[in-house]
Amino acid sequence: MTTYNAYEITLDAFIAKILIVCPKCTKKAQVVDHSDGNTILTCISCAYNTSKKVAFYQLGTPKDPFFGHPLWLQKKFKDGIFWAYNLEHLTLLENHIAANRRARDITKISNRSIGSRLPKWVTSKKNRKELLQLIDALKKR
Ligand SMILES: [Zn+2]
């Protein structure tokens, strides 16, 4: 698995395949954004599938940006909802939270980057231990 620096990557990098709660059976389903403009939702548990052409999508909420279904990888924390689009995104957040000293190369920081847009409670030292436990629980989902 590639290791990313949260300050050099934006959310768009993780939207090609998003894990969601199936709207039919509430088990794990996925939304795949194909480069031809079609976005396809498939559930291996109940075989539900649907597709649509997506012209506009909004990033940054605990819902998939194409269909608007709740993300599979999300959990309530005392300060807000912690979420990730997929396991790679979750691992990026885990590494970012676990890092004692975060590698910030000022020249490369984009203010659209995941690292610079995380809420303060996600990077707060006092929440580190609890958030890493939460991430562990999400990984086992
Ligand atoms: Zn299903």
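A few points on the structure. On a predicted model such as this, the values are computed, not experimentally measured, just so you know. (Residues numbered from 1 in each chain as written. Predicted model: local features only at pLDDT ≥ 70, side-chain atom pairs only at ≥ 80, totals over all residues. Heavy atoms only, no water.)

## Quick look at the layout of surface pockets
Item 1. Quantified by volume, the largest pocket comes out at close to 360 Å³.
Item 2. Lining the largest pocket are 18 residues, with Leu 11, Gly 60, Trp 83, Arg 117 and Leu 118 sitting closest to its centre.
Item 3. Going through the elements one at a time, β6 (80–84), α1 (87–98), α2 (114–117) and α3 (120–123) are the ones with two or more residues in the lining of the largest pocket.
Item 4. Here the lining of the largest pocket takes 3 residues from β6, the largest share from any one element.
Item 5. When the residues that make up the lining of the largest pocket are grouped by side-chain class, the tally is 11 nonpolar, 4 polar and 3 charged.
Item 6. The calculated volume of the second largest pocket comes to roughly 180 Å³.
Item 7. As for the second largest pocket, its lining consists of 14 residues, of which Lys 17, Leu 19, Asn 86, Leu 87 and Glu 88 are closest to the centre.
Item 8. Mapped by element, the contributors of at least two residues to the lining of the second largest pocket are β1 (17–21), α1 and α4 (128–139). (1 Å grid on protein atoms, 1.4 Å probe; cavity = no way out; pocket = protein on both sides within 12 Å on 5 of 7 lines; lining within 4 Å. Points joined across faces, edges and corners; volume = space filled by probe spheres on them. Helix = DSSP H or I, 4+ residues; strand = E, 2+ residues; numbered from the N terminus. Nonpolar A, V, L, I, M, F, W, Y, C, P; charged D, E, K, R; others polar.)

## A closer look at the coordination of the zinc ion
Item 1. The protein atoms donating to the zinc ion are Cys 22 (SG), Cys 25 (SG), Cys 43 (SG) and Cys 46 (SG), with metal-donor distances spanning 2.3 Å.
Item 2. Each donor residue of the zinc ion belongs to the same chain, and together they define the spacing C-x2-C-x17-C-x2-C.
Item 3. The exposure class of Cys 43 is buried, given its relative accessible area of 5%. (Donors = N, O, S within 2.8 Å, 3.2 Å for Na, K, Ca; no water. Buried < 20%, exposed > 50% of the residue type's maximum accessible area, 1.4 Å probe, protein only.)

## Observations concerning the pattern of salt bridges
Item 1. Inspection of the entire model under this criterion finds 3 salt bridges.
Item 2. One salt bridge connects Arg 112 with Asp 12, and the closest N-O pair in it is separated by 3.2 Å. With Arg 112 in the loop between α1 and α2 and Asp 12 in the segment before β1, the pair connects residues that are 100 residues apart, well separated along the chain.
Item 3. Judged by relative accessible area, which is 47%, Arg 112 ranks as partly exposed.
Item 4. Overall, Asp 12 belongs to the partly exposed group, its relative accessible area being 30%.
Item 5. With a closest N to O distance of 2.5 Å, Lys 139 and Glu 94 form a salt bridge. In this pair, Lys 139 is assigned in helix α4 and Glu 94 in helix α1, connecting sequence segments 45 residues apart.
Item 6. Its relative accessible area of 34% is what places Lys 139 among the partly exposed residues.
Item 7. We classify Glu 94 as buried; its relative accessible area is 16%. (Salt bridge = Lys/Arg side-chain N within 4 Å of Asp/Glu carboxyl O.)

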